[in-house]
Amino acid sequence: MPRYVILGVLLLNSAPAAAQDVLGPVNPVDYMPAITMGSAIEADARSSSRRRTARLRGVSDAQTCRELPIYRSKLGAKDSRIVRLTRACRQAGYR
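Quick caveat, the model's predicted, so the values are computed rather than measured.

**Observations concerning the overall build of the chain**
- Scanning the chain from terminus to terminus reveals four helices and zero strands.
- For the chain, the succession of helices and strands along the chain, N to C, is α-α-α-α.
- For the chain, the residues scored as buried account for 7% of the 95 residues in total.
- Of the roughly 8300 Å² of accessible surface on the chain, a fraction of 61% belongs to carbon and sulfur atoms.

**Description of the pattern of salt bridges**
- Tallied over the full model, the rule gives one salt bridge.
- The partner of D79 in a salt bridge is R81, and the shortest N-O contact between them spans 3.1 Å.
- Take R81: its relative accessible area is 47%, and that puts it in the partly exposed class.

**With respect to a nonpolar patch on the surface**
- Among the surface-exposed residues, V26, V29, Y31, M32 and I35 lie close enough to one another that they form a single nonpolar patch of about 480 Å² accessible area.
- Along the chain, V29 turns up in the loop between α1 (2–18) and α2 (32–66).

**Some words on the packing of helix α3 (residues 68–75) against helix α4 (residues 80–92)**
- Their axes nearest at 10 Å, the elements α3 and α4 cross at an angle of 160°. When the axes of α3 and α4 are compared, the pair comes out roughly antiparallel. In the packing of α3 onto α4, the handedness of the crossing is left-handed. Residues L68, Y71, R72 and L75 of α3 pack against R81, I82, L85 and T86 of α4.

Conventions used here
Residues numbered from 1 in each chain as written. Predicted model: local features only at pLDDT ≥ 70, side-chain atom pairs only at ≥ 80, totals over all residues. Heavy atoms only, no water. Helix = DSSP H or I, 4+ residues; strand = E, 2+ residues; numbered from the N terminus. Buried < 20%, exposed > 50% of the residue type's maximum accessible area, 1.4 Å probe, protein only. Areas by Shrake-Rupley, 256 points an atom, 1.4 Å probe, with all protein chains shown as cover. Salt bridge = Lys/Arg side-chain N within 4 Å of Asp/Glu carboxyl O. Patch = residues over 30% accessible without salt bridge, like charges linked within 9 Å, V, L, I, M, F, W, Y side chains within 5 Å. Axes fitted to C-alpha atoms, helices over the stretch in contact; angles between N-to-C directions. Parallel < 35°, antiparallel > 145°, perpendicular 65-115°, else oblique. Left-handed = near helix turned anticlockwise from the far one by under 90°. Contact = heavy atoms within 4.5 Å.

What follows is the structure, given as structure tokens:
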């Protein structure tokens with residue numbers, strides 16, 4: 001029985017030593033340039049993809065509004081989708 005108690009005490013005392021960081025103390029200031037640069041790259045990628053999407057959306061909107069008479073002849077002028085599309089094209093200034 002005393003052997004188990006001694007073994008238990010030794011295991012409990014060695015646990016904090018095993019849980020130490022492998023790298024040791026880390027100074028967060030050392031990583032700030034990498035974090036800042038990564039954030040800047042991500043922000044630039046997000047904004048350029050939004051601009052690209054907006055440009056492409058403008059082209060497809062204009063084309064959709066040009067093709068409105070074709071859709072109107074297929075679906076009918078009273079179709080709710082045609083009514084919404086007509087309103088959106090007028091608001092965008094295409095018709």
